[in-house]
Amino acid sequence: MPEQKVIDVLLVEDDPGDVLMTREAFEHNKVRNRLSVVADGVSALQFLRKEGEHADAPTPDLVLLDLNLPRMDGREVLEAMKSDERMRAIPVVVLTTSEAEEDVVRSYSLHANAYVTKPVDFDRFIDVVRQIDEFFVEVVRLPGR
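Basis of the calculations
- Residues numbered from 1 in each chain as written.
- Predicted model: local features only at pLDDT ≥ 70, side-chain atom pairs only at ≥ 80, totals over all residues.
- Heavy atoms only, no water.
- Salt bridge = Lys/Arg side-chain N within 4 Å of Asp/Glu carboxyl O.
- Helix = DSSP H or I, 4+ residues; strand = E, 2+ residues; numbered from the N terminus.
- Buried < 20%, exposed > 50% of the residue type's maximum accessible area, 1.4 Å probe, protein only.
- Axes fitted to C-alpha atoms, helices over the stretch in contact; angles between N-to-C directions.
- Left-handed = near helix turned anticlockwise from the far one by under 90°.
- Contact = heavy atoms within 4.5 Å.
- Nonpolar A, V, L, I, M, F, W, Y, C, P; charged D, E, K, R; others polar.
- Phe/Tyr/Trp six-rings, centres within 6.5 Å; stacked < 30°, edge-to-face > 60°.
- Pairing = 2+ DSSP bridges.

Colleague: Explanation requested: the pattern of salt bridges in the structure shown.
Modeller: Following the criterion strictly, the structure yields 12 salt bridges and no others. Residues R34 and D8 are paired through a salt bridge, measuring 2.8 Å at the closest nitrogen-oxygen approach. You can see R34 sitting in strand β2 (residues 34–38) and its partner D8 sitting in strand β1 (residues 8–12), a full 26 residues away along the chain. A residue is classified by how much of its surface remains accessible, and R34, at 45% relative accessible area, is partly exposed. Where K118 meets E13, a salt bridge forms, and the shortest distance between an N and an O atom there is 2.5 Å. Linking K118 in the loop between β5 (114–117) and α5 (122–139) with E13 in the loop between β1 and α1 (16–28), this pair joins segments that are 105 residues apart in sequence. What makes E13 buried here is its relative accessible area of 3%.

Colleague: Before we go on, may I ask you to explain the packing of α1 against α5 in this structure?
Modeller: Look at α1 against α5: their axes get within 9 Å of each other, and the N-to-C directions meet at 65°. Crossing angle aside, the handedness with which α1 passes α5 is right-handed. The segment α1 lies against α5, with D18, M21, T22, E24, A25, F26 and H28 engaging F122, F125, I126 and V129. For the contact of α1 with α5, the residue count by class is 7 nonpolar, 2 polar and 2 charged.

Colleague: Explain the packing of aromatic side chains here, please?
Modeller: Any two aromatic rings considered together are summarised by their centre-to-centre distance and by the angle between their planes. Tallying each qualifying case throughout the model produces 1 aromatic pair. Between F135 and F136, the ring centres sit 5.1 Å apart and the planes meet at 90°, which makes this aromatic pair edge-to-face.

Colleague: Would you take a moment to explain the pairing of β5 for this structure?
Modeller: Examined bridge by bridge, strand β4 (residues 92–96) and β5 share 4 bridges and lie parallel to one another. Directly across from L95, in β5, lies its bridge partner V116.

Colleague: Help me understand the environment of I90 in this model?
Modeller: Turning to its location among the elements, I90 is positioned in the loop between α3 (74–82) and β4. By relative accessible area, I90 is classed as buried at 8%. Each C-alpha atom, one on I90 and one on T59, is 8.8 Å from the other, the two residues being 31 residues apart in sequence. In this view, I90 contacts L48, T59, P60, D61, L62, V63, M81, K82 and N113; residues no more than four positions away in its chain are not counted.

Below is the structure:
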């Protein structure tokens, strides 16, 4: 069996409980990917642009983006990413509690690669994170990999 690729994942999430569940899902599924976390949209763009305290941040291979964030919401982050040539190719999975059709439509119109509604149930959440990981690590080819 070929060795599994390790990718850098940026989680943009302000809810500490969801951050913990994502970390636990990575551990539970034995995901070897490196997970970086920022808690708001401004920090997400600083991380992606390698500004300030994020000067040495890895360029993520995948961004898991919540929509409802302080300082700058996920829609604004997505728009900024996809309009910047340096970040445009980074796949973005919107991972949010919103089931609103307008959020789904707007996310895809801003060029999100996928829209996933966060399950409330922990076991289902673990399964969703595993499926996202399997898809982006085992199925698709990411830029620069």
